[in-house]
Amino acid sequence: MSVNNASGWNQETKSRLSEKIQQNVNDISSLTRQMIRGSKTNELLAQAAKNFAFQETAINNSHETIKRMALITTQLQFQAEAIERSMEMMDNVQDQLKTIQR
């Protein structure tokens, strides 16, 4: 009986060992999949950070452009006012010329 008992124990041990090996293989494949997903996450995160940095630069450039446009608008307003004053002076000059020509 001890031979049968030892033989049964060996079979049970082999079976448990086989199950453990299969479980370890499954765990390793799960770990590998998780690592691959994790590396893609890092790549996506890095790309998002780069895109954010590019957007920040674009926003700063747009801000500077808007400031320049505001300055140009102010300058154009001053020029338009100067042209209006010149036109008023032209009307006065024309009136004076008409008076002199009479």
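Residues numbered from 1 in each chain as written. Predicted model: local features only at pLDDT ≥ 70, side-chain atom pairs only at ≥ 80, totals over all residues. Heavy atoms only, no water.

Draft legend 1. Layout of the overall build of the protein chain. A count of helical and extended segments in the protein chain gives 1 helix and 0 strands. Computed over its C-alpha atoms, the radius of gyration of the protein chain comes to 44 Å, more than 25% above the 13 Å expected for a compact globule of 102 residues. Along the first, second and third principal axes, the C-alpha set of the protein chain runs to 150 × 15 × 10 Å. Looking at the 102 residues of the protein chain, the share that counts as buried comes to 0%. Looking at the protein chain as shown, the accessible area adds up to about 9800 Å², and 60% of this sits on carbon and sulfur atoms. For the protein chain, the distance from the average position of its 12 positive side-chain charges to the average position of its 11 negative side-chain charges is 13 Å. (Helix = DSSP H or I, 4+ residues; strand = E, 2+ residues; numbered from the N terminus. Rg over C-alpha atoms; globule rule 2.2 N^0.38 Å. Buried < 20%, exposed > 50% of the residue type's maximum accessible area, 1.4 Å probe, protein only. Areas by Shrake-Rupley, 256 points an atom, 1.4 Å probe, with all protein chains shown as cover. Lys, Arg positive; Asp, Glu negative; His and termini not counted. Charge placed at Lys NZ, Arg CZ, Asp CG, Glu CD.)

Draft legend 2. Quick peek at the pattern of salt bridges. In this structure the tally under the stated criterion is 2 salt bridges. Note that R16 and E12 form a salt bridge whose closest N and O atoms lie 2.7 Å from each other. Taken together, the residues R16 and E12, both in helix α1 (residues 2-101) and 4 residues apart, mark about one turn of the helix. With a closest N to O distance of 3.4 Å, E64 and K67 form a salt bridge. Highlighted residues: E64 and K67, both in helix α1, separated by 3 residues, approximately one helical turn. The exposure class of E64 is partly exposed, given its relative accessible area of 35%. With a relative accessible area of 45%, K67 lands in the partly exposed category. (Salt bridge = Lys/Arg side-chain N within 4 Å of Asp/Glu carboxyl O.)

Draft legend 3. Examining a nonpolar patch on the surface more closely. On the surface, a nonpolar cluster with roughly 280 Å² of combined accessible area is contributed by L17, I21 and V25. By secondary structure assignment, the location of L17 is in helix α1. Of the residues examined, L17 reaches a relative accessible area of 52% and is grouped as exposed. (Patch = residues over 30% accessible without salt bridge, like charges linked within 9 Å, V, L, I, M, F, W, Y side chains within 5 Å.)

Remember, this is a structural readout, not a statement about activity or role.
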